[in-house]
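For reference, the chains in residue letters:
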Amino acid sequence: MKQKRTIITILITLLFLGVLAAGSAIYISDVQDSLWEDMVAQVLEMTAQGGKTLEAKFRNESETVAGLAAALSRCDSSDMDDINSILNNFSFDDADDYMVINVQDNVFLTNYDEEAIALSDAQLENISTYGDSGITEPFFSARTGINDIGLYERFQFADGVPAIVRKSDHVSDLEEKYTLAFYNESGFSYVINSEGDIVIRSSHKNSNRTFNNFIDVIRLSDNSEEAVNMFADAIASGTKGAMKLNLNDGKYVLAFVPIEGTDGWFIISTAPEEQVSAHVADIVKSSQFFVSIIAIALLGAV
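Trainee: Would you mind showing me how to read helix H6 (residues 225–237) here?
Mentor: The α-helix advances 3.6 residues per turn, and as a result positions three or four apart in sequence lie on the same side. The terminal C-alpha atoms of H6 lie 18 Å apart, and with 13 residues this matches the ideal 18 Å at 1.5 Å per residue to within 8%. Those residues of H6 lying buried are Ala227, Val228, Phe231, Ala234 and Ile235. On an axial view of H6, the arc spanned by its buried residues comes to 130°, and they lie on one face. Every exposed residue of H6 that faces more than 90 degrees away from the buried side is listed here: Glu226 and Ala236. Where H6 is buried, its residues touch strand E9 (187–192), helix H5 (214–219), strand E11 (241–247), strand E12 (250–258) and strand E13 (266–272). A positive phi of about 70° marks Gly238, the residue just after H6.

Right under this line is the structure:
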C-alpha cells in the first residue's frame, strides 16, 4: 500500500512538473515576445522624442525668419543701412548667420558684411530650388568653408523687389546637438530626406559614417526586395514605424519617424538587434528565476 502511494505521488509530481514546464515555457515565450515589442517601442519613442526636439528648433527658427522677413519688407532694397541695422538687431550671438538675397539684382548681404556681394553661379543654382519658405538641403558655405542647413522665406522689399532671407546653421552643430546615442553608444540616429539621403548624421566616433543614402544601404545589405520597398514606401508616405533589417555589418532594429515642418525629412534610429535582445534576455532570466522559485515552493508543498 505504501509503495502504491509512493508511485502515485511520483506520478503526480511528474505530471505537475510536466504541466509546470509547459506552462512556464509558454509564459516565458509570451514574456519574451512582449518584452521585445516593448524594447522596439522604446527605440521608436526615443526616436520620436529626438524628432520633436528638432521640430521645435526648426519651428522657432522659422518664426524668427518670418519676423525678419516682415521687418525687411518695410525697407527699400537700396536701403543698405536699414537692412544692416535690422540684420544686426536679429543677431544675438556670433553663431547667428543671416543672409538677405536680392533676387532681382542677384546680390546678397549678410550680418557679417556691410556691402552687397554678387551671387556665385553655385549660389544661384542653389536658391533656384527654393520654394516660398522651407528648409534647405545641406549646402557648402563659402564664408565658413563647411556645410550648412538653412531656413528661408521669400518676401518683397517695400519697393517691390523680390528677395529671400535665410538663417543658416552648421550641419556639424546640428549633428552635435540633435542626434541620439543609446544602448551603450551602439545605437545612433540620423536625419534623412524624402529620397533617403542623409542630411544630418551622428557625430559619435562609433557611428557609421560610410554611407550616404539609407535606401541604398538597405538594398545592398542582403535584405529582401520586399523589405527595401516597405521602408521606401514608409518614407514616401510619411509613415512612422520600426522593422528589423540587415545594415552593413549586422542585424539592426530600425525606427523611423517623420519630422513635421520639413519636406519629407525623417529621423531614423539604428539599434543592434543583439543589444536589444540582450536587454530582453536579462529580464527573461529574472522571470525564469521567479518561475523556478515558485516550482521549488510547490514541490516542497507536495
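Trainee: I tried to follow the pattern of salt bridges on my own but got confused; where do I start?
Mentor: Evaluation of the coordinates by the stated rule reveals 5 salt bridges. Between Glu61 and Lys57 there is a salt bridge; the shortest N-O distance is 2.7 Å. Placement of the pair is Glu61 and Lys57 together in helix H1 (residues 2–72), with a separation of 4 residues, close to one helical turn. The same class applies to Glu61 and to Lys57, which are both buried. We note a salt bridge from Asp169 to Lys57, for which the minimum N-O separation is 3.5 Å. Within this pair, whereas Asp169 is found in strand E7 (residues 162–170), its partner Lys57 is found in helix H1, the two being separated by 112 residues in sequence. Exposure remark for Asp169: the relative accessible area of 15% places this residue in the buried category. Within this structure, Lys57, Glu61, Lys167 and Asp169 form a network of salt bridges that share partners.

Trainee: Whenever I open this one, the confidence of the model for the chain confuses me. Can you help?
Mentor: Detailed reading of the predicted model is not advised wherever pLDDT is low. Taken over all residues, the pLDDT of the chain has a mean of 82, while the share at 70 or more is 78%. Ranking the elements of the chain by mean pLDDT puts helix H7 (residues 273–301) last with 54 and strand E6 (residues 147–156) first with 96.

Trainee: Would you explain helix H2 (residues 80–90) in this entry?
Mentor: Residues Ile83, Asn84, Ile86, Leu87 and Phe90 constitute the buried set of H2. Projected down its long axis, H2 carries its buried residues within an arc of 165°, all on one side. Facing away from the buried surface of H2 by more than 90 degrees, the exposed residues are Asp81 and Asn89.

Trainee: Can you help me understand unusual backbone geometry in this one?
Mentor: Only a minority of non-glycine residues have a phi that is not negative, and only a minority of peptide bonds are not trans. At Asn106, a residue that is not glycine, the phi angle is positive and equals roughly 55°. For Asn106, the location among the structural elements is in the loop between strand E1 (97–102) and strand E2 (107–110). The exposure class of Asn106 is partly exposed, given its relative accessible area of 31%. Here the phi dihedral of Asp222 falls at roughly 60°; this positive angle occurs in a residue that is not glycine. Counting through the fold element by element, Asp222 comes out in the loop between H5 and H6. On the accessibility criterion, Asp222 (69% relative accessible area) is exposed.

What counts, and at which threshold
- Residues numbered from 1 in each chain as written.
- Predicted model: local features only at pLDDT ≥ 70, side-chain atom pairs only at ≥ 80, totals over all residues.
- Heavy atoms only, no water.
- Helix = DSSP H or I, 4+ residues; strand = E, 2+ residues; numbered from the N terminus.
- Expected span 1.5 Å × (residues − 1).
- Buried < 20%, exposed > 50% of the residue type's maximum accessible area, 1.4 Å probe, protein only.
- Arc of directions from axis to C-beta.
- Contact = heavy atoms within 4.5 Å.
- Salt bridge = Lys/Arg side-chain N within 4 Å of Asp/Glu carboxyl O.
- pLDDT = per-residue confidence, 0-100.

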